[in-house]
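Fold and geometry: a report
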Amino acid sequence: MSHYKLTYFNARGLGEHIRFLFLAAGVPFEDVRMEFSKWAESKPKFKYGQLPILEVDGKELSQSLAIARFLSRQFNLVIEDPFLAAKADELVDFATELRLAFRPYFNEKDEAEKSHLKETLLKETIPKYYKIFEELAGTQSGNFITGDNYSWQDLFIANWIEVWGDLVVGDDFVNQFPKMKKIKESVFAIPAINKYLSTRVKSSF
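Residues numbered from 1 in each chain as written. Predicted model: local features only at pLDDT ≥ 70, side-chain atom pairs only at ≥ 80, totals over all residues. Heavy atoms only, no water.

Re the sheet that holds strand S3 (residues 53-56)
Heads up, the rule is: When DSSP finds at least two bridges between two strands, those strands are taken to pair. Secondary structure elements follow DSSP: runs of H or I of four or more residues count as helices, runs of E of two or more count as strands, with numbering from the N terminus. Throughout, an axis means a line fitted to C-alpha atoms (over the contacting stretch in the case of helices), and angles, computed between N-to-C directions, take values from 0 to 180 degrees. Between two residues, a contact is recorded if the distance between any of their heavy atoms is within 4.5 Å.
Taken in spatial order, the 4 strands make up an open sheet running S2-S1-S3-S4, and their pairing is mixed. Either end of the sheet is taken by a strand with one partner, and the two such strands are strand S2 (30-34) and strand S4 (59-62). With strand direction ignored, the average angle separating the axes of adjacent strands in the sheet is 20 degrees. Note that S3 and S4 share 4 bridges and pair antiparallel. Across the sheet, glutamate 55 pairs through a bridge with glutamate 60, a residue of S4. Lying over the sheet, helix H3 (residues 64-74) contacts strand S1 (4-9), S3 and S4, oriented at roughly 120 degrees with respect to S4.

Written as structure tokens, this is what we have:
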């Protein structure tokens, strides 16, 4: 069996859906969590100066979505129908757009401007994207994006729904979007993921 080593920060962010993939597949991996205080000195050691990094028998792979797609093929957590798979990828791409839309808010130092950016996120940006998520995922019955079987895209979306709820919108916001709520709850109910969550130390993002 291959040896997998995942290096990311001690946070959810771009690493948690990858951890979920290993847990859902029942595949052991080395979960290296770097503290933010050590990142400045460690950054030059990484080829692209960014995390996450997955090492597979010593070979490195970067970019969180590339890692997820690779592992999903390794673990048979892919959507077989090409069109449905593309629609699930479409949902991931929209979620990535929303994630990037948060950056100005988190990077802003002026409190008045930060408050304004948050109001725009809550009233305009986030509702717009959550409606898109609901429309894309709501076309199929079942607990997941494409039906009754989960894929890596479900794990990705579930993580970010939780993170966005914790950081900005609140846990109840997703209640307005029943399919998205169901995806998150169903992913978090996967036995290995549920066990992991019960002991996971809460992180800021």
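A short note on the environment of isoleucine 190
Position of isoleucine 190 relative to the elements: it lies in the loop between helix H8 (178-188) and helix H9 (191-199). Once the C-alpha coordinates of isoleucine 190 and valine 78 are considered, the two residues, 112 residues apart in sequence, prove to be 17 Å apart. Residues in contact with isoleucine 190, not counting those within four places in the same chain, are Tyr150 and Leu155.

Here we look at unusual backbone geometry
Cis geometry marks the peptide bond from leucine 51 to proline 52, where omega comes out at 15 degrees. In this structure, proline 52 sits in the loop between helix H2 (39-42) and S3. In this model, glutamine 63 sits at a positive phi of 75 degrees, which is unusual for a non-glycine residue. You can see glutamine 63 is positioned in the loop between S4 and H3. Unusually for a residue other than glycine, asparagine 76 sits at a positive phi of about 60 degrees. Relative to the helices and strands, asparagine 76 resides in the loop between H3 and helix H4 (82-101).

Looking at the packing of aromatic side chains
We describe a pair of aromatic rings using the distance from one ring centre to the other and the angle between the two ring planes. Operational definition: Between the rings of Phe, Tyr and Trp (Trp by its six-membered ring), a pair exists once the centres lie within 6.5 Å; its type follows the angle of the planes, with under 30 degrees stacked, over 60 edge-to-face, and the other angles tilted. Throughout, exposure labels follow a simple rule: accessible area from a 1.4 Å probe, protein chains only, divided by the maximum for the residue type, with under 20% read as buried, over 50% as exposed, and the rest as partly exposed. Only when the NZ of Lys or the CZ of Arg is both within 6 Å of the ring centre and within 35 degrees of the ring normal is a charge said to sit over the ring.
With the rule as written, the count across this model stands at 25 aromatic pairs. Measuring from centroid to centroid gives 6.0 Å for phenylalanine 20 and phenylalanine 188, while their planes differ by 80 degrees, and the two rings are edge-to-face. Of this pair, phenylalanine 20 sits in helix H1 (residues 16-25) while phenylalanine 188 is found in helix H8, placing the two residues 168 residues apart along the sequence. Taking relative accessible area as the criterion, phenylalanine 20 reaches 0% and is therefore assigned buried. Ring geometry for tyrosine 105 against phenylalanine 106: centres 5.0 Å apart, planes inclined by 65 degrees, an arrangement best described as edge-to-face. You can call tyrosine 105 buried: its relative accessible area is 11%. Taking relative accessible area as the criterion, phenylalanine 106 reaches 37% and is therefore assigned partly exposed. Aromatic ring contacts, followed pair by pair, group Phe94, Phe102, Tyr105, Phe106, Tyr129, Tyr130, Phe133, Trp160, Trp164, Phe173 and Phe177 into a single cluster. Over the face of the ring belonging to tyrosine 105 we find lysine 114, whose NZ or CZ atom lies 4.4 Å from the ring centre.

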